[in-house]
Amino acid sequence: MRSILAVDDSASMRKMVSFTLTGAGYHVVEAVDGQDAWEKAQAHSIDLVLTDQNMPNLDGIGLTKKLREHPKFKTVPILILTTESSDQMKQLGRGAGATGWLVKPFDPARLIEVIQKVIR
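All values derive from a computational prediction rather than experimental measurement.

Undergrad: With reference to specific residues and values, describe the side chain of T82.
TA: Inspection of the secondary structure assignment puts T82 in strand β4 (residues 78–82). Since its relative accessible area comes to 0%, T82 is described here as buried. With residues near it in sequence (within four places) discarded, T82 still touches D52, Q53, N54, W101, L102, V103 and K104.

This is the structure we're talking about:
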């Protein structure tokens, strides 16, 4: 079973994402912010990271940069799921090493479709 690290400071958003992903057959590890995600990524085998952008302690782009600096996460797909939709933010995400950018509110079927495309 593939493991997805779902990172969001909103408990309701984490629950919605987790519900969608577990329903599609994925194991979900939840994290409350980028720092928590970094610690959990070290402790678990992760096949994909799905992160919010705007969070306390470490935002999505900061988390993406930190993960990409570590050899273990060089090729792990990282999707940023956020309310941010500006081209400038998307460029920053790409520059940090994000695989893709999805805008909230998300369509569950579309989320699963994107994950299936990028997960190995």
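What follows picks up the thread again.
Undergrad: Before we move on, can you summarise the packing of helix α2 (residues 34–43) against helix α3 (residues 60–69) with the specific residues and values?
TA: Axis separation between α2 and α3 bottoms out at 9 Å; the angle between their running directions is 25 degrees. As judged from the angle between their axes, α2 and α3 are roughly parallel. Judged by the sense of rotation from one axis to the other, the crossing of α2 with α3 is right-handed. Only L63, K66 and L67 of α3 make contact with α2, whose side of the interface consists of G34, Q35, A37, W38 and A41. Of the residues contributing to the contact of α2 with α3, the split by class is 5 nonpolar, 2 polar and 1 charged.

Undergrad: Residue-level account of the environment of A96, with values.
TA: Secondary-structure assignment places A96 in helix α4 (residues 87–96). Accessibility expressed as a relative area gives 7% for A96, which makes it buried. Considering only alpha carbons, one finds A96 and M13, 83 residues apart in sequence, at a separation of 23 Å. Leaving out residues up to four positions away in the same chain, A96 has contacts with I61, T64, K65 and R68.

Undergrad: Explain the sheet that holds strand β1 (residues 3–7) to me, using residue names and the numbers behind them.
TA: Pairing is parallel across the open sheet formed by 5 strands, whose spatial order is β2-β1-β3-β4-β5. The open sheet terminates on both sides in strands that have one partner only, identified here as β2 (27–31) and β5 (100–103). When the angles between neighbouring strand axes are averaged without regard to direction, this sheet yields 20 degrees. Relative to strand β3 (residues 48–51), β1 is paired through 4 bridges, and the arrangement is parallel. Each residue of the ladder has a partner; that of I4, found in β3, is L48.

Undergrad: An account of the side chain of R14 is requested, with residue identities and associated values reported.
TA: Examined against the element boundaries, R14 turns out to sit in helix α1 (residues 11–23). Assessed through its relative accessible area of 12%, R14 is described here as buried. When residues no more than four places from it in sequence are discounted, the contact partners of R14 are A6, D8, D9, E30, A31 and V32.

Basis of the calculations
Sequence order sets the numbering: in each chain, residues are counted from 1 along the sequence as written. pLDDT decides what is reported in this predicted model: residues at 70 or higher carry local features, side-chain atom pairs at 80 or more are listed and counted, and totals for whole chains, interfaces and linings draw on all residues regardless. The basis for the side-chain values is all heavy atoms of the structure; hydrogens and waters are excluded. Strands are runs of DSSP state E lasting at least 2 residues, helices are runs of H or I lasting at least 4, and numbering of each runs from the N terminus. Only protein chains enter the calculation, and the probe is 1.4 Å; a residue is then buried if its accessible area is under 20% of its type maximum, exposed if over 50%, and partly exposed in between. The contact rule is simple, with two residues in contact once any of their heavy atoms fall within 4.5 Å. Fitted lines through C-alpha atoms give the axes, limited to the stretch in contact for helices. The angle between two N-to-C directions lies from 0 to 180 degrees. Angle categories are assigned with fixed cut-offs, so that under 35 degrees is roughly parallel, over 145 is roughly antiparallel, 65 to 115 is roughly perpendicular, and the rest are oblique. Less than a right angle of anticlockwise turn of the near helix away from the far helix marks a crossing as left-handed, whereas a clockwise turn marks it as right-handed. Each residue gets one of three labels, nonpolar for Ala, Val, Leu, Ile, Met, Phe, Trp, Tyr, Cys and Pro, charged for Asp, Glu, Lys and Arg, and polar for the others, Gly among them. Only strands that DSSP links by at least two bridges are regarded as paired with each other.

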